[in-house]
Amino acid sequence: MNWTEYGIEQQYALLDRETMNECSSIFTRIDTIRDYNQLKVLLAFNETAIGAHHLQGSYGYGYNDIGRDAADRVFAKIVAAEDALCRTQFVSGTHAITTALFGILRPGMRLLSVSGTPYETIQTTLGLKDKGLGSLIDFGIEYNQIELVDSKPDIATIKTMVKDTDVIYIQRSCGYTARRALSLEDIKSISDTVKKIKKDIIVVVDNCYGEFTRTTEPTEHGADLIIGSLIKNPGGGIAETGGYIAGRKDLVELCSHRLTAPGVGREVGSNALGYRTLLLGLYQAPYITGEALKSAVYASYFFSRLSFEVSPKYDEQRNDIVTILMMNTKENLLILSKAIQSASPIDSQAIPTATEMPGYDTKIVMASGAFTAGSSIELSSDAPLTAPYHAFMQGGLSLISSRYAYLKAASLLAKG
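Below is a short write-up of the structure. (Residues numbered from 1 in each chain as written. Predicted model: local features only at pLDDT ≥ 70, side-chain atom pairs only at ≥ 80, totals over all residues. Heavy atoms only, no water.)

### Quick look at the side chain of glutamine 394
Relative to the elements of secondary structure, glutamine 394 occurs in strand 12 (residues 390-394). At 3.2 Å, the side chain of glutamine 394 forms a polar contact with the side chain of aspartate 382. When near neighbours in sequence (up to four residues on either side) are disregarded, glutamine 394 contacts Tyr209, Ile321, Val322, Ser376, Glu378, Leu379, Ser380 and Asp382. (Helix = DSSP H or I, 4+ residues; strand = E, 2+ residues; numbered from the N terminus. Polar contact = N/O pair within 3.5 Å; in protein donor to acceptor, adjacent residues only side chain to side chain. Contact = heavy atoms within 4.5 Å.)

### Section: the pattern of salt bridges
Tallied over the full model, the rule gives 24 salt bridges. In this structure, aspartate 35 and arginine 34 form a salt bridge, with 2.8 Å as the shortest nitrogen-oxygen distance. With its nearest N and O atoms 3.1 Å apart, the salt bridge here joins arginine 68 to aspartate 69. According to the relative accessible area criterion, arginine 68 is buried, its value standing at 1%. Take aspartate 69: its relative accessible area is 24%, and that puts it in the partly exposed class. Salt bridges sharing partners connect three or more residues here, namely Asp31, Arg34, Asp35, Glu291 and Lys294. (Salt bridge = Lys/Arg side-chain N within 4 Å of Asp/Glu carboxyl O. Buried < 20%, exposed > 50% of the residue type's maximum accessible area, 1.4 Å probe, protein only.)

### Details of the sheet that holds strand 11 (residues 380-384)
Here we have five strands laid out as an open sheet, ordered 8-9-12-11-10, and antiparallel in their pairing. A single partner strand is all that each edge strand has here, and the edge strands are strand 8 (309-311) and strand 10 (364-367). The mean angle between the axes of side-by-side strands here comes to 20 degrees, regardless of whether they run parallel or antiparallel. Examined bridge by bridge, strand 10 and strand 11 share four bridges and lie antiparallel to one another. By the bridge assignment for strand 11, valine 365 is matched with alanine 383. With respect to the sheet, helix 8 (residues 276-305) is in contact with strand 8 and strand 9 (322-326), its orientation differing from that of strand 9 by roughly 15 degrees. (Pairing = 2+ DSSP bridges. Axes fitted to C-alpha atoms, helices over the stretch in contact; angles between N-to-C directions.)

### Some words on the nonpolar core
Phe302, Phe303, Leu325, Met327, Leu336, Ile340 and Tyr406 are the most contacted members of the largest nonpolar core, which totals 56 residues. Where this core is concerned, the elements lending two or more residues are helix 1 (10-47), helix 8, strand 9, helix 9 (330-342), strand 10, strand 12 and helix 10 (399-415). When residues in this core are grouped by element, the largest group, nine residues, is from helix 8. Setting aside residues up to four positions removed in sequence, phenylalanine 302 forms contacts with Leu15, Thr19, Tyr406, Leu407 and Ala410. (Core = buried A, V, L, I, M, F, W, Y, C linked by side-chain atoms within 4.5 Å.)

### Focus: the packing of helix 8 against helix 10
With their axes 9 Å apart at the nearest point, helix 8 and helix 10 run at an angle of 25 degrees to one another. What the angle tells us is that helix 8 and helix 10 run roughly parallel. The handedness of the crossing between helix 8 and helix 10 is right-handed. Of helix 10, the residues touching helix 8 (which contributes Glu291, Lys294, Ser295, Tyr298, Ala299, Phe302 and Phe303) are Leu399, Ser402, Arg403, Tyr406, Leu407, Ala409, Ala410 and Leu413. (Parallel < 35°, antiparallel > 145°, perpendicular 65-115°, else oblique. Left-handed = near helix turned anticlockwise from the far one by under 90°.)

### Things to note about the side chain of threonine 125
Among the structural elements, threonine 125 can be located in helix 4 (residues 120-126). For threonine 125, a relative accessible area of 12% translates into the label buried. Setting aside residues up to four positions removed in sequence, threonine 125 forms contacts with Thr98, Phe102, Ser135 and Leu136.

### Things to note about the packing of aromatic side chains
Given two aromatic rings, one states the distance between the centres and the angle between the planes to describe the pair. Summed over the entire model, instances satisfying the criterion amount to 14 aromatic pairs. Here tryptophan 3 and tyrosine 6 contribute two aromatic rings whose centre-to-centre distance is 6.2 Å and whose plane-to-plane angle is 65 degrees, an arrangement assigned as edge-to-face. The interplanar angle of 10 degrees and the centroid separation of 6.2 Å between the aromatic rings of tryptophan 3 and tyrosine 404 together place this pair among those described as stacked. Here tryptophan 3 is found in the segment before helix 1, whereas its partner tyrosine 404 is found in helix 10, with 401 residues between them in sequence. Cluster of aromatic residues (ring-pair linked, three or more members): Tyr298, Phe302, Phe303, Phe308 and Tyr406. (Phe/Tyr/Trp six-rings, centres within 6.5 Å; stacked < 30°, edge-to-face > 60°.)

### Focus: the state of the cysteines
Such a bond, covalent and formed between the sulfur atoms of two cysteines, is termed a disulfide. Considering all chains together, one arrives at zero disulfides under this definition. Note on cysteine 86: no disulfide assigned, nearest cysteine sulfur contributed by cysteine 208 at a separation of 13 Å. Residue cysteine 86 is classed as buried on the basis of its relative accessible area, which comes to 1%. No disulfide involves cysteine 208; its sulfur sits 12 Å from the nearest other cysteine sulfur, which is in cysteine 174. Judged by relative accessible area, cysteine 208 falls into the buried class, the value being 8%. (Disulfide = S-S within 2.5 Å.)

Don't take any of this as a statement about function, it's just geometry.
Below is the structure:
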């Protein structure tokens, strides 16, 4: 690649070549995961007999919406779940998680997060802030949490609290903390531990950013429910909105009565625009997630060579699509954000500025020139504009465009 034709200085063009060479064997492993998942998705479409008629929309209540119901079935098949709600009615991952928790919890029950404090946007749901808005605590549900130890579950402490717990909550990805994503092996260890002590305990996994990064999903490692957003990995950069809940049939059924209304459940919910983008995005998801993983690996190596601390390292196992860049200063963080935005296909002329966002206590600076607002599977960088100024890099629809964005960032950072 002759990067100088695109305005990139020779020193960074040479670093790009070095990065691609050093990461080549890891890219090959990612391709293996991608290919396995792609065939898994294709066979799920075949086995559930997805047809052209399923792409059409519906109106009104959406009774007998065959496209909606087909999306539920094929998603469940892909993630090895008994059932799923794969719906455009979910406005975000936070909405899907909230729906699930209110669906399965009842007053007097106890929820335990074993991955520390959950991501900011779900904290109001739990009642950790903004009390009085209808949180779980407002409805008489007790919440406790156990911190991770060196990014790993504290199994010893978990054992001591299981008997007084009804639902275990696991956040797979890092949120806005400098920890590594939990692995499927971590999730299995947690599930095996708690279910040996209390057989009927429910394990719920916030699976955002983790889908298709491995060849299996948490539902195959002891999770009773997994939850996520369709404008992240499983939407393949094509789905325009939506989210999912998948897992045990009885639990998914309970969740459906919170998505709509008790007694109505999953039988309603129309989508006048149809299901083409949802199903096409799901079909493309393994390939796009593979590109995002390659972009993440590239970023880890590239920025480490520029003397920035990164997490995870480029050669560590990936369990989500996020790379954390420790930018160290407010100025560096803003320069990085500007560079990512300027290399985006949409709104490249915009300059990211820190703003208040719903669900966050601090101002957030976000670079995301995306076709779908908030789509984290498209290349983005977001961060709280507070010390220690960590940038959370996510996604990348294509490795080549991600490389260009990072090369521009390196040049701008050098100039200050």
